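Breakdown of the fold
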Amino acid sequence: MITTSQRRELLRALYSTERLYLGFSASPIFQEQPARDFLDSLWNLVATGDMPTQRLMSETHLYLENAVPLDQYGISAADNKGEALVLALDSLVLFLTDEPAESLDFIPDEFERFVVEEVVTDEMIDQLGPTQQTLLETEEVRAKIESHPLMRAFANQLKMDEWKARSIDLNPMDIENSKA
């Protein structure tokens, strides 16, 4: 059984995980199933309180164990978006299968934030030109990253997610409308 406060926490994490899912879906190693079924079942859980089936939980767990293929050198073939999605989905599985000891806040605050910061950093490196392939992270660079319009938009998105997760009614129609 999941409590109303856990459903609201899950809702906030789902907004972020859904964005990670969409970001990774362009990857050549992306597999839609069972991640899509699992996310759909979690949206349903938030809206109705109905837990995902044990079969789906098991399929998702197996998928996550094999979701990030390694090349012959042991390096992940997934980009950071893929790895962030896998970590987010794994956190959601653990949230449902174990006694939720930790908050799901780290899905948007760490996993998704890392992906957005990487985009900003890549853009900053591109602006430096082809001779510079790295960016030394100093306090000045960190301040530029934090003040970048994409980071400000991301922070505003997280505030909106938090507001929606706290304020909407937990019913199928309102949950579906909140996804937009």
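Use the structure listed above.
Procedures and definitions
Numbering of residues starts from 1 in every chain and runs along the sequence as written. Only residues with pLDDT of 70 or above have their local features reported here, since the model is predicted, and side-chain atom pairs are shown and tallied only from 80 upward, although totals for entire chains, interfaces and linings are computed over all residues. Calculation of side-chain values draws on the structure's entire complement of heavy atoms; hydrogens and water are dropped beforehand. Helix numbers and strand numbers start at the N terminus; a helix is a DSSP run of H or I with at least 4 residues, a strand a run of E with at least 2. For the exposure calls, accessible area comes from a 1.4 Å probe over protein chains only, and a residue counts as buried if that area is under 20% of its type's maximum, exposed if over 50%, partly exposed in between. In what follows, residue pairs with any heavy atoms lying within 4.5 Å of each other are defined as contacts. Computed by Shrake-Rupley with a 1.4 Å probe, the accessible areas treat only the displayed protein chains as cover when residues are assessed. The convention used is that axes are lines fitted to C-alpha atoms, helices contributing only their stretch in contact, and that angles between N-to-C directions extend from 0 to 180 degrees. Any angle that is under 35 degrees is reported as roughly parallel, and any over 145 degrees as roughly antiparallel; angles of 65 to 115 degrees are reported as roughly perpendicular and all others as oblique. When the near helix sits turned anticlockwise from the far one by under a right angle, the crossing is termed left-handed; a clockwise turn instead gives a right-handed crossing. Only Phe, Tyr and Trp rings take part, Trp by its six-membered ring, and two of them pair if their centres are within 6.5 Å. Stacked means planes under 30 degrees apart, edge-to-face means over 60, and tilted covers everything else. Either the NZ atom of lysine or the CZ atom of arginine qualifies as a charge over a ring when it sits within 6 Å of the ring centre and within 35 degrees of the ring normal. Definition of a polar contact: a pair of N or O atoms within 3.5 Å, with one able to donate and the other able to accept a hydrogen when the atoms are protein atoms, and with sequence-neighbouring residues admitted only if both atoms are side-chain atoms. Definition used for salt bridges: Asp or Glu carboxyl oxygen within 4 Å of a side-chain nitrogen of Lys or Arg.

**Section: the overall build of the protein chain**
A count of helices and strands for the protein chain gives eight helices and zero strands. Along the protein chain, from the amino end to the carboxyl end, the secondary structure elements read α-α-α-α-α-α-α-α. Looking at the 180 residues of the protein chain, the share that counts as buried comes to 40%. A fraction of 71% describes how many contacts in the protein chain between residues 6 or more apart in sequence connect residues 24 or more apart. Carbon and sulfur atoms form 54% of the exposed surface of the protein chain, whose accessible area is close to 10400 Å².

**Quick word on the packing of helix α2 (residues 35-48) against helix α3 (residues 54-65)**
Axis separation between α2 and α3 bottoms out at 9 Å; the angle between their running directions is 135 degrees. Between α2 and α3, the interaxial angle falls into the category oblique. Between α2 and α3 lies a crossing of left-handed hand. Along its contact with α2, which presents Ala35, Asp37, Phe38 and Ser41, the element α3 presents Leu56, Met57, Thr60 and Tyr63.

**Looking at the packing of aromatic side chains**
Going through the model one piece at a time under the given rule, you end up with two aromatic pairs. Taken together, a centroid distance of 5.7 Å and an interplanar angle of 55 degrees make the contact between tyrosine 15 and tryptophan 43 tilted. Placement of the pair is tyrosine 15 in helix α1 (residues 4-24) and tryptophan 43 in helix α2, with a sequence separation of 28 residues. Classification of tyrosine 15 as buried rests on a relative accessible area of 5%. With relative accessibility at 5%, the residue tryptophan 43 sits in the buried group. For the ring pair phenylalanine 106 and phenylalanine 111, a centre distance of 5.5 Å and an interplane angle of 80 degrees mean the geometry is edge-to-face. You can call phenylalanine 106 partly exposed: its relative accessible area is 22%. Taking NZ or CZ as reference, lysine 164 lies 4.3 Å from the ring centre of tyrosine 15, over its face.

**So, the side chain of histidine 148**
Counting through the fold element by element, histidine 148 comes out in the loop between α6 (139-147) and α7 (149-167). A distance of 3.0 Å separates a polar side-chain atom of histidine 148 from the backbone nitrogen of leucine 150. In this structure, histidine 148 is in contact with Val120 and Glu123, ignoring residues within four places of it in sequence.

**Comments concerning the pattern of salt bridges**
Oppositely charged side chains are able to pair whenever their charged atoms sit close together. Within this structure, the stated rule accounts for 15 salt bridges. Between arginine 113 and glutamate 117 there is a salt bridge, with the nearest N and O atoms lying 3.0 Å from each other. Of this pair, arginine 113 and glutamate 117 both sit in helix α5 (residues 106-128), four residues apart, roughly one helical turn. Arginine 113 sits in the partly exposed class, given a relative accessible area of 24%. With its nearest N and O atoms 2.8 Å apart, the salt bridge here joins glutamate 146 to arginine 142. Highlighted residues: glutamate 146 and arginine 142, both in helix α6, separated by four residues, approximately one helical turn. You can call glutamate 146 partly exposed: its relative accessible area is 34%. On the basis of relative accessible area, arginine 142 is assigned to the partly exposed category, the value being 24%.

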